[in-house]
Each structure stands twice: as C-alpha cells, then as structure tokens.
Amino acid sequence: MSQVKFVSDPDKAVYDSFCGFHKLFPAYTVDAERRIVVSNKIVKDKVCIVSGGGSGHEPNSAGYVGQGMLSAAVGGLIFASPPSSTIFAAIRTLAEQNNNAGVLVLLMNYTGDVLNFGLAIEEAKTLGIKVESVAMEDDCSIPRNEVQGAGRRGMTGTVVAMKIIGHLARAGKNLSELVQEFNTLKENVASFGCAVSPCTVPGVGPLFKLGSDEVEIGIGIHGEAGVQRIQRPPIDDLLEIILKRILEDLKLQSDSRVCVFLNNAGATSQLELSIIIGKIHSHLTNKNITVERMYCGDFITSLDMAGFQICILNLTQHPAWLECLDSSTDAPAWPGTDLNVPSETPQNSISISDEEHHGFDKTGPKFTQEQIKLFEKCLNAIASALIKEESRINELDTLSGDGDAGSTLKRFADALQKQLPKLNLEYPAASLYQMSKLCQNEMGGSSGGIYGIFLTSAAKSVASSSSLDVSAAWKSAIETVSLYSKAKIGDRTMMDVIIPCYEEFNSQIKQNKDLKSVMEQVVKIAKAKCEETRHMKPRLGRASYVPSEYIKDVDPGAYGVMLWLEVILNVIKS
C-alpha cells in the first residue's frame, strides 16, 4: 500500500483537519487548537450528549454533532484519546449552556478514552456538574465468555447509540433514563469487522502486514491486527463467517427484526459496499430475519483501511428504536443540512470554557532549597532520558499497540523541559498537579490519561498533608489509576512495575533507610518486574486484542516506568 498522504505536516494534520471542518460547517463553535466542536443549538434544561476519541475515524465524532445526536465532540491526535482538560472544558461548556440539566458522556470502550474522560468527569463532579458516562462494547469478534478485563471494543454501534440516545435526549428523557436506555441498547447491538489491507498512519506507515490473498477478521478501528488471519474466501463465505458470529452474539432467531449498518473502514469502494449490503440482506432474509432498515456509509473509519464492519441492531423487543433512527437530525454526517450555511445570527455562538480547574498553589508541605534543586535535577534528567529513548519505546509499542508510546512520552518530556522554569517546585503538590496538566494536554492517549490521573491523585494526597509522605501519595495514585484503568498486577501494563515498586519503597522507607539505598532496591525490583512483562499475556488496552505471538518484548509502559525510576536513582547517586 502506498504511504503517500495528502498531508504536508503529520504533526499538524489533526489541527488542519479541524480548521477545515470549521470552514465546511461554519455554523458550529469550533476550537481547532483543543479539537472541540460544540453545537450552537443547545436546548436549555435538556440533557446534552458528548462523545469523542482519537482522530482518524472521521466523520466520528464531530460529524455527529447536531440536533438529535451529539451536543459536542472532543478529538484527540490520530488514534489517541483527547486530553482530559479539553474533555472537561467541553463538559463544563455544555453544563453552562443547558442549566446543568445533565451531560451524558458516550464512549467507545478503549482504555485511553475511559481514563481521560473519567478524569474529566471526576473534575466536573467536584464542581457539582451532573454528568454520567456510558461505554459501547459492540465488538463481538471475541466471544463474551473469552473477554478479558478490558471488555469489548466500541465500534459502529457507538454511532447507533448516538442516534437513538440523541433522539431520546431531544425528546426530554432525563440523565438516569438515558443511561438505563443505553444499557439496554448495548445488549442489543453487535459489530464485526474485517480488512484486506491495513491503514497507513501519516508519518508512521502501515501498522501490520497482510498478504495479497489474506483477510484480517475481527479488526478494531485503530489499525491494530484482528483476532484471526485467513486465506481470503469468496465474499459470500466471508459474510457467512461474520454474520454467524453476530447472530450468535445477539441470539437472533428466524422471527427477529433488525437494522443493519455497513461501515466503510476507510478505503472500500462504494461499488464493493453496494455488493456487500445486497448480500447481507439476502443472507438475513434467507434465515427469515426481517430487515427493517439498512444503512451504508462512513460511520467510523480507520484512515485508509480497506475493509468494512457489519453492525446489527436487534429491534425485536424494542420496536420504538426504529422511530429514533427515522427521526431527523442536522448532524453533518447526514449531508444537506442548514449547517453548511454560515450563521446569520453570530450572537448565538457560544464560548468554550477556558477556566482551569483548581490547582494546589501554596498548598501542603514545602520543599527546602536543597530539595528543590534535587527535584529539578530529577525532572530534567527524566525528560532527557524519555527523549533519548523515544525510538526504543516506539519499537516496543509497535509490537502491541500503534507504535507511538515513545513519541507520547517525548511530547511530555519536551513540554516538561520547556515549562520547568515555570513550575512551582517549592510546593510539591502544586508541581505534581502542573505536571499532570502537561500529561493531559501534551501526551493524550492511554499514557496521558494514566500519568495524568496518577499525578493528580498524588498531588491531592500531598496537598492534604502537613508533611511530605511519598508512600501515601504513591498509594493514593495507584488506587485512583486502578479505579479507572482496572489494571492490576499480571495484566502486562505499567502497573506491573509501579505497584511492586511502591510496595518495596514503602517497606524500605519504614526501615528508616537512606533514600539512595531505598531507590537502589526499588530500581532492582523495577528491572525484574519489567522483564517479567515479556512473558505476560496482555489483558488490558489495545494489546489485549493482539495475538500473543506478535508480542515478544517487554511492555512499553513498564519500560518507561523503569526508565524514570532508574534516572531518579542516578541523580541521587550523583
């Protein structure tokens, strides 16, 4: 596949895309820098719905902002979750516009999104904002009884939920009613995808290789490999494989009523899609399943992946959902709306909240001048090491993710070195919180969410104490990350290093040993636990969907933790 793209600068591609979106649909409020799109037609005293995730899936999610669907969308970098700070800004903006009638966050079940949206929700709740979240898990490529801790991925069913739940929100359903309806809906929708070629990420290239006579089945939407690779069969046989899994998952019978959604993964021609949609109809009607509606289009793409997803909604016990699907919407993913025309009433445009949530300025214990110097040296050395190791960590991530873990950490490191003179190093709570914001704003993705939550929780713990208790802050951070990520020892994540290192640190420090001796033992544990991840089967994040034979090295997140712990030791020793 050609790696040539109509992209002049991969680093600016997403920003340029949002700028273009605003030119195309000037009736929206768009913040291209923060990748936020907000409807200017929000109804007072009715629940607003916000969704989002990484870019590269267009028209999701910005294309579904409109009456009867989303009230706002938040985008991340390509295939990376948006930072929690921009999510928080969108949630707060909606709450201000609808008189705090409620905000429903509609997610696809991916670790980075769950973490970053979760952190934003927690911040919003501290301000009294009524907000709840739900996550679509419609990918049935992995049978329910084989699902690991990460749960099933969200796919085309997410857009189905946007349409149905969006209609019900416009009809006046309250927040709890919408959550209840969504929980029923998610049990009645299933999706399954396949591809004959991978997508090509700008500046990176294809994420896996596929023979000209092969098809990858059970693909996700982030360019990752599927659950199985087979010799490409005739299209009727391929559809039989896919539909069999979906029908089994939904327990569809001969008298079932369904809606079908055929999603273009990005580079499948309309000719092929028309052929496929006709064959799907034939397969289902031959099984005496009534097809009430069929939809075909680019719902959630994966850049230029040549493939498709079939999504089926079971209407049998819920015929009212058909009315929701048939209702009108002016979301631009359905073309020909008045949103293509510049607004004649610019006073209706709203401002997206810029106000930062509370920090911890001059709160909690203070560092001495000697401690400030040591802290500054550690941070600078950590940043330098992360920058140096970018390629190595990217290489590790290519085996199990989308190959950008090193670049993600480098973005934080670059920002940290730039902002280091401005950090409030005198108060550790304040500096930890400021670094959490750098993680959220600069990193994105799962790593940004995890480090952001980790540092925010540590900052809260330190701020609430009269003296610095590193063990207490470390413990609090682990508990909060575990709450949102569900990660535990043995899942092959960074927590496989962080948790045992905390336990060793806590044990050593209680023995009143000097910091150098303590950190020597901690780093020894870090190296051993990082090496153990080489032989673990991933149970969380994108890696959990990748066949184990593809994973032959240590976890990139665990390696990153080991790296900065070792750097801290070296600074202390020097």
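The model shown is predicted, which means the values in this text are computed figures rather than measured ones.

*Asks:* Residue-level account of the pairing of strand β14 (residues 306–314), with values.
*Replies:* The buried fraction of β14 amounts to 9 of the 9 residues, a majority that puts the element mostly inside the structure. Side chains of β14 alternate between two faces, with Ala306, Phe308, Ile310, Ile312 and Asn314 and Gly307, Gln309, Cys311 and Leu313 buried alike. In terms of strand pairing, strand β7 (residues 189–197) meets β14 through 8 bridges, oriented antiparallel. Paired with serine 191 across the bridge in β14 is cysteine 311. Examined bridge by bridge, strand β12 (residues 257–264) and β14 share 7 bridges and lie antiparallel to one another. Looking across to β14, one finds that valine 260 is bridged to isoleucine 312.

*Asks:* Lay out the sheet that holds strand β13 (residues 290–297) in plain terms, naming residues and giving numbers.
*Replies:* Taken in spatial order, the 6 strands of this open sheet run β11-β10-β7-β14-β12-β13, and their pairing is mixed. Lying at the two open borders of the sheet, with one neighbouring strand each, are β11 (228–231) and β13. The sheet shows a mean angle of 20 degrees between the axes of neighbouring strands, direction not considered. In the packing of helix α6 (residues 235–250) onto the sheet, contacts are made with β7, β10 (214–217), β11 and β14, and the angle to β14 comes to roughly 35 degrees. Relative to the sheet, helix α7 (residues 270–286) contacts β12, β13 and β14, its axis offset from that of β12 by approximately 160 degrees.

*Asks:* Tell me about helix α11 (residues 405–419), and name the residues and values.
*Replies:* For α11, spanning 15 residues, the distance from its first C-alpha to its last is 21 Å, which sits close to the expected 21 Å at 1.5 Å a residue. Those residues of α11 not exposed but buried are Ala405, Gly406, Thr408, Leu409, Phe412, Ala413, Ala415 and Leu416. At its buried positions, α11 is contacted by α9 (369–388), α10 (390–398), α12 (428–443), α13 (445–463) and α17 (556–573).

*Asks:* How would you explain the packing of helix α3 (residues 111–126) against α13 if you had to name every residue and give the values?
*Replies:* Here α3 crosses α13 at 35 degrees, and the two axes come no closer than 7 Å. Seen from above, α3 lies across α13 with left-handed handedness. Judged by residue contacts, Thr111, Gly112, Leu115, Asn116 and Leu119 of α3 engage Gly445, Ser446, Gly448, Gly449, Ile450, Gly452 and Ile453 from α13. Residues belonging to the contact of α3 with α13 are distributed by class as follows: 4 nonpolar, 8 polar and no charged.

*Asks:* Tell me about the packing of aromatic side chains, and name the residues and values.
*Replies:* Summed over all chains, the structure comprises 8 aromatic pairs. Ring geometry for phenylalanine 261 versus tyrosine 295: centroids 4.8 Å apart, planes at 10 degrees, classification stacked. With phenylalanine 261 in strand β12 and tyrosine 295 in strand β13, this residue pair connects regions lying 34 residues apart in the sequence. Residue phenylalanine 261 shares its accessibility class with tyrosine 295, and that shared class is buried.

*Asks:* Talk me through a nonpolar patch on the surface; I want residue IDs and the actual numbers.
*Replies:* A surface patch of nonpolar side chains, about 210 Å² in accessible area, is lined by Leu374, Ile509 and Leu515. Its place among the elements puts isoleucine 509 in helix α15 (residues 495–510).

*Asks:* Run through the side chain of serine 327, naming residues and quoting values.
*Replies:* Inspection of the secondary structure assignment puts serine 327 in the loop between α8 (320–326) and α9. Judged by relative accessible area, serine 327 falls into the buried class, the value being 15%. A polar contact of 3.0 Å, which involves the side chain of serine 327, links it to the side chain of histidine 167. Here the side chain of serine 327 touches cysteine 324 through a polar contact of 2.8 Å, landing on its backbone oxygen. Serine 327 has contacts with Lys163, His167 and Arg170, leaving out every residue within four places of it along the chain.

*Asks:* Give a detailed account of the pattern of salt bridges, specifying residues and quantitative values.
*Replies:* Enumeration according to the criterion identifies 24 salt bridges in this entry. Taking the shortest distance from any N to any O, the salt bridge between lysine 410 and aspartate 414 comes out at 2.8 Å. Placement of the pair is lysine 410 and aspartate 414 together in helix α11, with a separation of 4 residues, close to one helical turn. Judged by relative accessible area, which is 23%, lysine 410 ranks as partly exposed. Overlapping salt bridges, with partners in common, bring together Arg392, Glu395, Glu531, Arg534 and Asp553 in one network.

*Asks:* An account of the nonpolar core is requested, with residue identities and associated values reported.
*Replies:* Core analysis: the largest hydrophobic core is formed by 74 residues, its most contacted members being Leu416, Trp474 and Leu565. It is α17 that provides the largest number of residues to this core, a total of 11 residues. Setting aside residues no more than four positions away along its own chain, leucine 565 makes contact with Trp474, Val497, Cys501, Met519, Val522, Val523 and Ala526. One finds Tyr28, Leu70, Phe79 and Cys259 within the second-largest nonpolar core, a separate group that totals 63 residues.

Cut-off values and rules
Residues numbered from 1 in each chain as written. Predicted model: local features only at pLDDT ≥ 70, side-chain atom pairs only at ≥ 80, totals over all residues. Heavy atoms only, no water. Buried < 20%, exposed > 50% of the residue type's maximum accessible area, 1.4 Å probe, protein only. Helix = DSSP H or I, 4+ residues; strand = E, 2+ residues; numbered from the N terminus. Pairing = 2+ DSSP bridges. Axes fitted to C-alpha atoms, helices over the stretch in contact; angles between N-to-C directions. Contact = heavy atoms within 4.5 Å. Expected span 1.5 Å × (residues − 1). Left-handed = near helix turned anticlockwise from the far one by under 90°. Nonpolar A, V, L, I, M, F, W, Y, C, P; charged D, E, K, R; others polar. Phe/Tyr/Trp six-rings, centres within 6.5 Å; stacked < 30°, edge-to-face > 60°. Patch = residues over 30% accessible without salt bridge, like charges linked within 9 Å, V, L, I, M, F, W, Y side chains within 5 Å. Areas by Shrake-Rupley, 256 points an atom, 1.4 Å probe, with all protein chains shown as cover. Salt bridge = Lys/Arg side-chain N within 4 Å of Asp/Glu carboxyl O. Polar contact = N/O pair within 3.5 Å; in protein donor to acceptor, adjacent residues only side chain to side chain. Core = buried A, V, L, I, M, F, W, Y, C linked by side-chain atoms within 4.5 Å.

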